[in-house]
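Per-entry structural report
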Amino acid sequence: IRSSPRAATFNVYNFTRQRHEVRTADKMTEDLLISGVSLPLWFPPVTIDKEVYIDPVYATDANLEEAIRRGADELWVIWTVSEGGEWKNGPIHHYFQIIEAAANSSLRGVLSRIKRNNTAIEAGMIGEFGRRITVQMLTAEVPLHYLFTLRAGRYREAVELGVEAGRLWCRDQGIELNLVS
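All of the points below concern the structure found in this document. Predicted, not measured: the structure shown is a model, and the values here were computed from it.

Cut-off values and rules
- Residues numbered from 1 in each chain as written.
- Predicted model: local features only at pLDDT ≥ 70, side-chain atom pairs only at ≥ 80, totals over all residues.
- Heavy atoms only, no water.
- Phe/Tyr/Trp six-rings, centres within 6.5 Å; stacked < 30°, edge-to-face > 60°.
- Helix = DSSP H or I, 4+ residues; strand = E, 2+ residues; numbered from the N terminus.
- Buried < 20%, exposed > 50% of the residue type's maximum accessible area, 1.4 Å probe, protein only.
- Contact = heavy atoms within 4.5 Å.
- Polar contact = N/O pair within 3.5 Å; in protein donor to acceptor, adjacent residues only side chain to side chain.

Bringing the packing of aromatic side chains into the picture now. Counting across every chain of the model gives 4 aromatic pairs. Geometrically, the ring pair formed by Trp42 and Tyr95 is edge-to-face, given 5.8 Å between the ring centres and 85 degrees between the ring planes. Of this pair, Trp42 sits in the loop between helix 1 (30–35) and strand 3 (46–48) while Tyr95 sits in helix 3 (residues 91–122), and the two are 53 residues apart along the sequence. With centroids separated by 5.3 Å and ring planes inclined at 90 degrees, the aromatic side chains of Tyr95 and Phe96 adopt a geometry described as edge-to-face. On the basis of relative accessibility, which here comes to 6%, the residue Tyr95 falls in the buried class.

Okay, the environment of Asn14 next. With respect to the helices and strands, Asn14 occurs in strand 1 (residues 9–14). Each C-alpha atom, one on Asn14 and one on Val52, is 6.0 Å from the other, the two residues being 38 residues apart in sequence. Excluding residues within four positions of it along the chain, Asn14 makes contact with Arg19, Glu21, Glu51, Val52 and Tyr53. In this structure the side chain of Asn14 is engaged in a polar contact, spanning 3.1 Å, whose partner is the backbone nitrogen of Thr16.

This is the structure we're talking about:
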């Protein structure tokens, strides 16, 4: 990770300052990395220099703006946050449905801005980002156990589910797969 400090970025949420922060690889620490997956209710927050950090999932689940800011004009987004819109009962479902609401709302907002940008560029105007941005979306509905695994077999199942969805998406897009056996 630290071998290319300008290419990799990490999202953390500084709860003390109430702000989303982007860190380059050379500014990451083990504690910050752990904070980036410290989901409230499931894991305790991480305190660093008297400031509290949590998973940034409520602020961003895909920081497309940072990639654009760093010069990306083609974004490949693997989106496994449910978009099903089906409300299910129970505290675990409710917890993840809150994340779905925050994540999908944020993603759709950024995608709308990208679309408006591209429309402006095509009309000969500057656009918000100053260049055309291409988005490739790989989306898949995944069962809750994909996110919430308690048994080793479920991890393997979750990985295989992702591999299967990824291969199907590539085939649908006409992308040739070079599978190694």
